[in-house]
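One-letter residues, chain by chain:
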Amino acid sequence: MKLSNILIYTFAFSQCSSTILPQRIFQLSPSTTSYSHSLFDDLISYFYPSSTQQDDFEAWLVQEKIISFEGIFNNIGGLSKILDPTIVEKGVVIASPSTSYPNYFYQWIRDLAITIKTLLCHLNDMTQDEFEQQGQLLDVIESFIENNYQLQRLDNLSGTFADKSGLGEPKFNVDNTVFNESWGRPQRDGPGLRSSTIMYYLKLIDKFNAPIQSQILKNQKFIYFKVIRPDLMYIVQNWQKPGFDLWEEINSIHFFTSITQLKAIKDGIEFAAKYKDYELQDQLITAFQQLKLAIESQQQFGFTSSVISHIIECPNLYKIGHRSGLDAATLLGSIHSHDDYQSDSSMIPFDIDNPYVINTLVAMVNDMKFRYPINHNKIGLLGVGVGIGRYPEDIYDGVHTSEGNPWFISTATALELVYRLIHKYITLRQDIVITAANRGFFSQFISIDEEPNDGNAVVIEFNSVMYRTLMLQLALYADSFLSVIKTHVDGEGRMSEQFNKYTGYMQGAKELTWSYSAFWNAVRWRERTLQVM
Ligand code: NOJ
Ligand code: NOJ
């Protein structure tokens with residue numbers, strides 16, 4: 001294949017708004033010789049041509065990243081220029097400023113753990129000097145930990161602190177009091193997400209050699225024993241039990257809950273060892289082994305099955321034929337349970353390059369391309385992103401139940417996943433090994449002559465022409481999800497929860513903190529990935 005042909009195809013593909021897109025990018029041939037870096041640079045500049053259109057896109061991206069970061073700040077007490085500090089205390093993270101239709105003016109443990117993690121990633125990317133200027137942000141993050149120290153100890157409709165059952169409470173009022181109305185409770189993902197975020201903060205503090213500022217929290221040891229440890233105990237005691245999912249609808253065993261619990265246990269083992277908390281460490285090690293087995297086993301939790309290529313979010317509903325099992329929650333579970341390649345990727349299953357995970361993305365796109373009318377112009381196109389919703393059977397419209405729509409969180413997660421996939425391949429200098437298990441994903445971008453089966457994999461060598469070209473195609477694929485988001489934010493760049501499947505206009509809770517967090521995370525991964533490409 002001549003390079004010029006690749007360039008032409010790539011160029012055609014990058015004009016995503018035009019309708020003619022190649023179905024097959026190039027034939028897979030054994031000629032995978034490497035070529036010089038300057039040629040690769042040429043390819044990149046072709047891939048991101050400095051056309052006005054491309055410049056506009058990049059300029060929008062820079063702007064939208066700032067808007068999303070401000071959107072997060074605006075929803076956190078002590079950082080917000082909008083929230084009334086007498087109503088929303090420092091460190092309180094509201095899900096959205098919307099107080100009616102729907103009322104999201106509460107703190108959900110899941111949303112706040114995920115959002116604070118975004119702020120921590122922002123801090124993590126700083127230089128020592130930059131970090132040292134962040135006193136106010138660190139102060140608010142520590143207030144968030146103080147608040148959660150309090151929230152953990154409030155008896156509530158999920159239970160008590162004494163036996164830890166109360167830690168499954170999903171949401172609290174913005175003044176740090178309990179929410180006493182009926183709700184889908186308990187939700188067992190909160191303690192894992194929260195403790196993982198707080199453990200990440202402690203690692204960050206170590207990395208930058210900074211002290212704990214809060215008089216209440218005193219030091220890292222206090223935070224471990226008083227805040228992290230109760231959450232870890234909750235997981236040890238409850239991981240086998242059903243609870244409501246992250247979408248707050250189904251009382252069962254859920255992939256998102258289990259995999260994020262596993263990540264917290266893994267982090268927890270390290271911290272328990274650090275603080276010589278051997279009793280809990282032993283329990284965590286046992287729980288880790290058992291939960292990992294349950295997650296991987298088709299017989300136990302049943303998140304996978306030999307007759308289906310994607311992850312099954314809620315096996316109980318799948319078994320009775322109520323749901324396909326397809327769910328953005330599984331993609332979210334994968335990204336939120338894997339932070340690093342050293343330990344998470346090897347110890348926690350279902351990282352972003354796992355065939356079940358990437359097949360989930362393929363199946364979600366294939367379903368939602370047809371399901372949502374705004375995606376219909378992409379029917380017939382391969383390797384092009386669309387607006388992604390929570391799960392096919394969803395009927396929550398953001399206020400009531402009628403019909404489901406695409407969500408910013410799900411669409412941003414798809415884009416983050418693809419960028420992380422590229423980043424992992426390149427950083428670990430891995431060949432792309434195409435087997436029957438992941439063929440569905442890669443065949444969107446290349447035509448594979450041979451029918452790979454497990455004994456007969458097609459290997460695309462690291463750094464070969466074909467490898468680099470495929471990586472660029474994947475980046476384009478990821479960016480096509482970004483274009484969807486660009487189309488549906490409003491004129492000020494704001495993001496609600498959903499965008500209407502017929503009209504494309506936003507609906508549901510306005511200025512959703514988690515939408516901004518998911519978008520910001522995805523753009524961060526885009527930047528990190530383009531740096532290594
Ligand atoms: C509100 C929940 O937060 C949302 O996730 C759910 O779909 C609806 N309630 C269902 O009624
Ligand atoms: C509804 C979503 O389903 C749930 O996941 C989220 O925690 C709340 N809204 C608050 O954003």
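Above: the structure in question.
**Here's the deal with the packing of helix H15 (residues 408-427) against helix H18 (residues 513-532)**
- Remark: H15 packs on H18, axes separated minimally by 8 Å, with the N-to-C direction vectors making an angle of 20°. It follows from the interaxial angle that H15 and H18 lie roughly parallel. You can see that H15 and H18 cross each other, and the crossing is left-handed. Contacts from Phe408, Ile409, Ala412, Leu415, Glu416, Tyr419, Arg420, Ile422, His423, Ile426 and Thr427 of H15 reach H18 at Trp514, Ser515, Ala518, Phe519, Asn521, Ala522, Trp525, Arg526, Arg528, Thr529, Leu530 and Val532.
- Classifying every residue of the contact of H15 with H18 by side-chain character gives 14 nonpolar, 5 polar and 4 charged.

**Details of the site of ligand 1**
- Lining the immediate surroundings of ligand 1 are Trp247, Glu248, Glu249, Arg390 and Tyr396.
- Between an oxygen atom of ligand 1 and a side-chain N or O atom of Glu248, the distance comes to 2.4 Å.
- Between ligand 1 and Arg390 there is a distance of 2.7 Å, counted from an oxygen atom to a side-chain nitrogen or oxygen.
- Burial of ligand 1 by the protein chains amounts to 73% of its free accessible area of 290 Å².
- Of the residues assigned to the shell around ligand 1, the class counts are 2 nonpolar, no polar and 3 charged.

**Remarks on the nonpolar core**
- Formed by 148 residues in total, the largest nonpolar core has its most connected members in Leu361 and Phe441.
- No other element matches the 13 residues that helix H17 (residues 465-488) contributes to this core.
- For Leu361, the residues in contact, after removing those within four places along its chain, are Leu331, Ala414, Leu417, Val418, Phe441, Tyr477 and Phe481.
- Leu83, Ile94, Phe105 and Val174 belong to the second-largest nonpolar core, a separate cluster that totals 6 residues.

**A look at the pattern of salt bridges**
- Inspection of the entire model under this criterion finds 28 salt bridges.
- A salt bridge links Lys274 to Asp206, with the nearest nitrogen and oxygen atoms 3.1 Å apart. Linking Lys274 in helix H9 (residues 255-274) with Asp206 in helix H7 (residues 190-207), this pair joins segments that are 68 residues apart in sequence.
- Look at Lys274 and you get partly exposed, because its relative accessible area is 42%.
- Between Arg390 and Glu249 there is a salt bridge, with the nearest N and O atoms lying 3.2 Å from each other. Placement of Arg390 in the loop between helix H14 (355-371) and H15 and of Glu249 in the loop between strand S3 (243-244) and strand S4 (251-252) is noted, with a sequence separation of 141 residues between them.

**So, H7**
- For H7, with 18 residues, the first-to-last C-alpha span of 26 Å sits near the 26 Å given by 1.5 Å per residue.
- The buried fraction of H7 amounts to 15 of the 18 residues, a majority that puts the element mostly inside the structure.

**Concerning the site of ligand 2**
- As a structural note, the neighbourhood of ligand 2 is formed by 13 residues, with Tyr104, Arg110, Asp111, Leu246 and Arg390 the closest of them.
- Between ligand 2 and Tyr104, the relevant distance is 3.4 Å, taken from a nitrogen atom to a side-chain nitrogen or oxygen of the residue.
- Contact distances for ligand 2 include 2.9 Å between an oxygen atom and a side-chain N or O atom of Arg390.
- Here ligand 2, which alone exposes 300 Å², has 98% of that area covered by the protein.
- Considered class by class, the residues forming the shell around ligand 2 number 8 nonpolar, no polar and 5 charged.

**A closer look at the packing of helix H4 (residues 109-124) against H7**
- Packing of H4 against H7 brings their axes to within 8 Å, and their N-to-C directions diverge by 20°. Considering their axes alone, H4 and H7 lie roughly parallel with respect to each other. Relative to H7, H4 is oriented so that their crossing is left-handed. Touching Ile109, Arg110, Ala113, Ile114, Ile116, Lys117, Leu120, Cys121, Leu123 and Asn124 of H4 are Gly190, Leu193, Arg194, Thr197, Tyr200, Tyr201, Leu204 and Lys207, all from H7.
- Its residues assigned to classes, the contact of H4 with H7 comprises 11 nonpolar, 3 polar and 4 charged.

**Details of unusual backbone geometry**
- A cis geometry characterises the amide bond from Tyr101 onward to Pro102, with omega recorded as 0°.
- Mapping Pro102 onto the fold places it in the loop between helix H3 (52-74) and strand S1 (107-108).
- Phi angles above zero are rare outside glycine, and Lys218 is one such case at about 65°.
- Within the element layout of this structure, Lys218 appears in the loop between H7 and helix H8 (220-238).
- For Arg429, which is not glycine, the phi dihedral falls at a positive 50°.
- Position of Arg429 relative to the elements: it lies in the loop between H15 and strand S5 (432-434).
- Of the residues examined, Arg429 reaches a relative accessible area of 58% and is grouped as exposed.

The rules behind these values
- Residues numbered from 1 in each chain as written.
- Chains lettered and ligands numbered in written order.
- Predicted model: local features only at pLDDT ≥ 70, side-chain atom pairs only at ≥ 80, totals over all residues.
- Heavy atoms only, no water.
- Axes fitted to C-alpha atoms, helices over the stretch in contact; angles between N-to-C directions.
- Helix = DSSP H or I, 4+ residues; strand = E, 2+ residues; numbered from the N terminus.
- Parallel < 35°, antiparallel > 145°, perpendicular 65-115°, else oblique.
- Left-handed = near helix turned anticlockwise from the far one by under 90°.
- Contact = heavy atoms within 4.5 Å.
- Nonpolar A, V, L, I, M, F, W, Y, C, P; charged D, E, K, R; others polar.
- Near = heavy atom within 4 Å.
- Polar contact = N/O pair within 3.5 Å; in protein donor to acceptor, adjacent residues only side chain to side chain.
- Areas by Shrake-Rupley, 256 points an atom, 1.4 Å probe, with all protein chains shown as cover.
- Core = buried A, V, L, I, M, F, W, Y, C linked by side-chain atoms within 4.5 Å.
- Buried < 20%, exposed > 50% of the residue type's maximum accessible area, 1.4 Å probe, protein only.
- Salt bridge = Lys/Arg side-chain N within 4 Å of Asp/Glu carboxyl O.
- Expected span 1.5 Å × (residues − 1).

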